[in-house]
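Coordinate inspection notes
So the chains spell out like this:
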Amino acid sequence: MIFELSRDNLALAQQEVLSLAKAKHYNIYDNLLVCKANFDYSRLAYTNLVLEEIFIDTKIPKVHWEKYYRKNFCVRSNITAKEKDIAPIIWYALKNPTVNMHAESEFWFYFIGEKIICGKKVYKREEKFQKRRPDLRPGFFPVSLKPKLARALVNLSGVKKGTIWDPFCGTGGILLEASLMGLKAVGTDIDPLMIRAAKQNFEKYTCKAKLFLGDARKEKIKCKAIVTDPPYGRRASTKKENVEKLYTEFLAHVYPSVETVVLMAPSSIKIQSNYTLFWEGEDFVHRSLTRNIYVLKK
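Before going into details, it helps to say that this report is about the structure given with it. (Residues numbered from 1 in each chain as written. Predicted model: local features only at pLDDT ≥ 70, side-chain atom pairs only at ≥ 80, totals over all residues. Heavy atoms only, no water.)

In this section: the overall build of the chain. Scanning the chain for helices and strands turns up six helices and 14 strands. Projecting the C-alpha coordinates of the chain onto the three principal axes gives extents of approximately 70 × 35 × 35 Å. Within the chain, buried positions represent 54% of all 298 residues. Taking the intrachain contacts of the chain between residues at least 6 apart in sequence as the baseline, contacts between residues at least 24 apart amount to 67%. Roughly 15400 Å² of accessible area belongs to the chain as shown, and the carbon and sulfur atoms make up 49% of that amount. Within the chain, one finds 50 positive and 32 negative side-chain charges whose respective centroids are separated by 4 Å. (Helix = DSSP H or I, 4+ residues; strand = E, 2+ residues; numbered from the N terminus. Buried < 20%, exposed > 50% of the residue type's maximum accessible area, 1.4 Å probe, protein only. Contact = heavy atoms within 4.5 Å. Areas by Shrake-Rupley, 256 points an atom, 1.4 Å probe, with all protein chains shown as cover. Lys, Arg positive; Asp, Glu negative; His and termini not counted. Charge placed at Lys NZ, Arg CZ, Asp CG, Glu CD.)

Glancing now at a nonpolar patch on the surface. A surface patch of nonpolar side chains, amounting to about 370 Å² of accessible area, comprises W91, Y92 and V99. Among the residues examined, Y92 registers a relative accessible area of 70% and is labelled exposed. (Patch = residues over 30% accessible without salt bridge, like charges linked within 9 Å, V, L, I, M, F, W, Y side chains within 5 Å. Salt bridge = Lys/Arg side-chain N within 4 Å of Asp/Glu carboxyl O.)

Our next topic: empty space enclosed by the protein. Throughout the structure, instances matching the rule amount to two cavities of 30 Å³ or more. If you add up the space inside the largest cavity, you get close to 300 Å³. If you trace the largest cavity, you find 20 residues lining it, with V143, F168, C169, G170 and D229 closest to the centre. (1 Å grid on protein atoms, 1.4 Å probe; cavity = no way out; pocket = protein on both sides within 12 Å on 5 of 7 lines; lining within 4 Å. Points joined across faces, edges and corners; volume = space filled by probe spheres on them.)

Interaxial distance between helix α1 (residues 10-21) and helix α3 (residues 147-156) falls to 8 Å at its minimum, and their mutual angle equals 40°. Taken together, the axis directions place α1 and α3 in an arrangement best described as oblique. Helix-helix and strand crossings are classified by hand; for α1 and α3 the assignment is left-handed. Each of L12, Q15, E16, S19 and L20 in α1 lies in contact with α3, whose residues at this interface are L149, A152, N155 and L156. Each residue belonging to the contact of α1 with α3 can be placed in one class, and the counts come to five nonpolar, three polar and one charged. (Axes fitted to C-alpha atoms, helices over the stretch in contact; angles between N-to-C directions. Parallel < 35°, antiparallel > 145°, perpendicular 65-115°, else oblique. Left-handed = near helix turned anticlockwise from the far one by under 90°. Nonpolar A, V, L, I, M, F, W, Y, C, P; charged D, E, K, R; others polar.)

This paragraph deals with the layout of surface pockets. Taken as a whole, the second largest pocket encloses approximately 170 Å³ of empty space. Considered class by class, the residues forming the lining of the second largest pocket number five nonpolar, four polar and two charged.

Taken as a whole and assessed by the stated rule, the structure comprises twelve salt bridges. R132 is paired through a salt bridge with E127; the nearest N and O atoms lie 2.9 Å apart. Classification of R132 by relative accessible area gives buried; the value is 8%. Under the relative-accessibility criterion, E127 is labelled partly exposed at 28%. The shortest N-O distance in the salt bridge between K245 and E249 comes to 2.8 Å. Placement of the pair is K245 and E249 together in helix α6 (residues 243-254), with a separation of four residues, close to one helical turn. Residue class for E249 comes out partly exposed when judged on its relative accessible area of 29%. Bridged by salt links that share partners, the residues E127, R132, R151 and E177 form one connected network.

Quick look at the structure:
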C-alpha cells in the first residue's frame, strides 16, 4: 500500500502507519510511505491518502488497467501539469472508458526524483477533527490536546482491539479518540474537576468510557496499552508534586503490568524508567515549548 503522509509532522505520520501496519519492511519516497498493510485506514490522523500500489518505476510501464478500472476514472498527480499527458495512456488501454472528475477509479501518479509511483485511491481522510476541538467541548481546559494529535498517540500504541487506559486523563481528549475508533476507554485522574469535565465531554459525543478518580501511582487497570499526556506546568493538576518525580513513580508502578506506554512530555523533563525506548518523536507547540512523544515497551 502507498500512504501519502501529512507534512504537518512527517516522522509522527510515518510511525503512526507503521505502528498499525506492523510492517517489517517499508520504503520512503518524500512524503510517501510504501509497505504491506491491512487495517482500518479511517483510524489514521496524519495520512491524507491510502492507495493500492500499481507500480513504482523510472518510467510508466505497460499496465493491465482493466484490472484496476471500475465504472469511470480520473488521473491525479503531485505535478498537475502531467495529468493531461497521463490520462490518454489509461484511456486507450481500456475497452469502454469513461472519465469523471469524481471517479470511482482515481489513479494517482507521483513524480519524486527519478521514480514514478502510481496507485489507486482506496481511502481519503475526511475526518473533521476541528468539530471536536477542545474549546468546543463543554468540559474545556486550556492545555487539552487537539483531537488529531490525540488520535495519533492512540495509534502509536498499535492497539487494534482492547482497552486503552489514560491514568492522567484530564478532560478525556485521548480517550475520546480511542472510543471513536472502537477501543475500550478507561480514564483516571487525581482531580475531580477533570473527571467531571471528561464525563461531560463523553456525553456530548455519545461515547463510552469508564472514568473515575484515581492516583496513577496506585491504580492498576488491565489494559492493552497506556496512552497519556501527564500534567506539567502551572495550569496542570499535579497537586504540587514534583513533575519528574511523578512521572518516574508512575512508570515504575505500571511497569510490571503494562507492556506499552505512549507518553507525551515537555523536552525539559527527563524520563526515567525500566521501559525500553521504542520510538521518540517531537511535537512543536511554540518557540518556548516542544513536547517529546515516547513509545515505551517492555
